[in-house]
Amino acid sequence: MIKNIAVIPGDGIGTEVIEQTVRVLDAIGEKFGHTFNYTYLEAGGCAIDSTGKPLPEETLEACKKSDSVLLGAVGGPKWENIPGIRPEQALLGLRGGLGLFANLRPAIMYDQLKAACPLKEEIIEGGLDIMIVRELTGGIYFGESGRSEDGQSAYDVEAYSVPEIERLLVQAAEIAMKRKKHVTVVDKANILETSRMWREVAAKVFADYPEIKVDFLYVDNASMQLVRNPRQFDVIATSNIFGDILSDEASQITGSIGMLPSASLGVGSFGMYEPVHGSAPDIAGKNIANPLATILSAAMMLRYSFNMTAEADAIEAAVGKTLDDGIRTADIAGGASPVGTKEMGDAVIARL
Ligand code: IPM
Ligand code: MN
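Criteria and cut-off values
- Residues numbered from 1 in each chain as written.
- Chains lettered and ligands numbered in written order.
- Predicted model: local features only at pLDDT ≥ 70, side-chain atom pairs only at ≥ 80, totals over all residues.
- Heavy atoms only, no water.
- Helix = DSSP H or I, 4+ residues; strand = E, 2+ residues; numbered from the N terminus.
- Rg over C-alpha atoms; globule rule 2.2 N^0.38 Å.
- Buried < 20%, exposed > 50% of the residue type's maximum accessible area, 1.4 Å probe, protein only.
- Contact = heavy atoms within 4.5 Å.
- Areas by Shrake-Rupley, 256 points an atom, 1.4 Å probe, with all protein chains shown as cover.
- Lys, Arg positive; Asp, Glu negative; His and termini not counted.
- Charge placed at Lys NZ, Arg CZ, Asp CG, Glu CD.
- Disulfide = S-S within 2.5 Å.
- Salt bridge = Lys/Arg side-chain N within 4 Å of Asp/Glu carboxyl O.
- Near = heavy atom within 4 Å.
- Polar contact = N/O pair within 3.5 Å; in protein donor to acceptor, adjacent residues only side chain to side chain.
- Nonpolar A, V, L, I, M, F, W, Y, C, P; charged D, E, K, R; others polar.
- Pairing = 2+ DSSP bridges.
- Right-handed = clockwise from strand over helix to strand, strands pointing away.
- Phe/Tyr/Trp six-rings, centres within 6.5 Å; stacked < 30°, edge-to-face > 60°.

Colleague: Please provide a residue-by-residue account of the overall build of the protein chain, values included.
Modeller: Counting secondary structure elements, the protein chain contains 12 helices and 12 strands. Taking 352 residues into account, the globule formula puts the C-alpha radius of gyration at 20 Å, and the protein chain, at 20 Å, falls close to it. Along the first, second and third principal axes, the C-alpha atoms of the protein chain reach 55 × 50 × 40 Å. Taken over 352 residues, the protein chain has a buried fraction of 52%. Within the protein chain, contacts between residues at least 6 apart in sequence are counted, and of these 76% link residues at least 24 apart. As displayed, the protein chain offers around 15,100 Å² of accessible surface, 52% of which is attributable to carbon and sulfur atoms. Looking at the protein chain, you have 32 positive and 48 negative side-chain charges, and the mean spots of the two groups are 4 Å apart.

Structure, rendered in structure tokens:
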């Protein structure tokens, strides 16, 4: 197969982790007889430097023409104080502009990295494998916002339509059907009208999935349950802002944020794939960042956008073997002596 991939390395460690991931994709192409064509595009801080805009039109247009998007990370202190412009606007522009309404964020604890998990052993006994399905193009992130004329008040509106909730919950249900068939809808229905509507829509959507066990949790309780007993969760389905917060919490309880991939999906097979971690400007350019989250994001791309199951399995198995062999970047090294970003790429390719 021939696939055209839009590649947005972005800022900070983004370029380094993308470089290794493209090498892994090339190795997969060779092994399985595929051709991956890459179009390199700018977004985030580097795009502000070269065009004055975090998301140049040509980047968005080129993404629309591609089969999927692979993104490193955007942002950094250099671009924090420009009035009205932030590198993160590139992410919102890509999500909205590409119609990527469902964000899949797995929180997996790797058995080989159990020691890095901050929770007590009895709590994580048996492993952790949670999939957060976060709504990504609605709610308070995309609602009306502004300030009053006198500058003494400000507002951000949380609004959801029935179709927006419905398509997100259908996505969550479809994913749950391939997992443990358990969805927890997280909301704040004791306070918010939007949340009460989420519950009504959920009742309708899940009526079509009688095998799925559905429960509802308020977000404050959910954030507590995530550290108290995370193994009760399979799929968590939630709004944009709650998903933002809970996915950071979930990533930390796995102990290895440098390992976590994500997928943002819309209608059809197109998707955008990126690591959960950010641009880590403090360690950029030093060949010490962990490329595995991005490499695993590429595996998600093969699985969800290209339907290349064996190829995705091959990457995930190679990553597993690399960990089994004790190869670690600094973030997951514990006491062991770490390898660099490039050497981690070499190690995964050698095990493909
Ligand atoms: C994330 C990030 C973004 C978000 C920011 C950078 C816009 O925190 O992907 O979770 O809030 O969605
Ligand atoms: Mn976030």
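Colleague: Got a sec to walk through the state of the cysteines? Specific residues and values, please.
Modeller: Two cysteines whose sulfur atoms are joined by a covalent bond form what is called a disulfide. Using the criterion set out here, one finds 0 disulfides in the structure. Left without a disulfide partner, Cys46 is nearest to the cysteine sulfur of Cys63, which lies 12 Å away. Given the relative accessible area of 22%, Cys46 is considered partly exposed. By relative accessible area, Cys63 is classed as buried at 0%.

Colleague: Residues and numbers for the pattern of salt bridges, please.
Modeller: Under the defined criterion, the tally for this structure stands at 17 salt bridges. Here Asp129 ties to Arg179 by a salt bridge, and the two come within 3.3 Å at their closest N and O atoms. Separated by 50 residues along the polypeptide, Asp129 in strand β5 (residues 129-135) and Arg179 in the loop between α6 (162-177) and β8 (182-187) bring together distant segments of the chain. Where Arg196 meets Glu193, a salt bridge forms, and the shortest distance between an N and an O atom there is 2.9 Å. Placement of both Arg196 and Glu193 in helix α7 (residues 193-207) is noted, with a separation of 3 residues, approximately one turn of the helix.

Colleague: Summarise the site of ligand 1; cite the residues concerned and give the values.
Modeller: For ligand 1, the full set of nearby residues is Glu88, Leu91, Arg95, Arg105, Arg134, Tyr141 and Asp244. Arg95 is positioned with one of its side-chain polar atoms (N or O) 2.7 Å from an oxygen atom of ligand 1. In isolation ligand 1 offers 320 Å² of accessible surface; the protein chains occlude 72% of this area. The residue makeup of the shell around ligand 1, split by class, is 2 nonpolar, no polar and 5 charged.

Colleague: Describe the pairing of strand β1 (residues 2-10), naming the residues involved and giving the relevant values.
Modeller: By the criterion of burial, β1 is predominantly enclosed, with 7 of the 9 residues buried. The pairing of β1 with strand β2 (residues 35-40) spans 6 bridges and is parallel. Paired with Ile5 across the strands is Tyr38, a residue of β2. In this view, the connection linking β1 to its parallel neighbour β2 by way of helix α1 (residues 14-32) has right-handed handedness. As paired elements, β1 and strand β3 (residues 68-73) share 5 bridges and run parallel to each other. Looking at β3, one finds that Gly10 is bridged to Ala73.

Colleague: Break down the pairing of strand β9 (residues 213-218) for me, with residues and values.
Modeller: Pairing of β8 with β9, which is carried by 6 bridges, proceeds in the parallel orientation. Its bridge partner lying in β9, Thr184 is registered against Asp215. In this fold, β8 hands off to α7, which returns the chain to β9; that crossover is right-handed.

Colleague: Help me get a handle on the packing of aromatic side chains, residues and values and all.
Modeller: By the definition in use, this model includes 2 aromatic pairs. Ring geometry for Phe36 and Phe306: centres 6.4 Å apart, planes at 20°, overall stacked. Here Phe36, found in strand β2, pairs with Phe306, found in the loop between α10 (292-304) and α11 (309-324); they are 270 residues apart in sequence, far enough to count as distant. Judged by relative accessible area, which is 3%, Phe306 ranks as buried. Relative to Trp198, the ring of Tyr160 has its centre 5.4 Å away and its plane inclined at 90°; by these criteria the two rings are edge-to-face.

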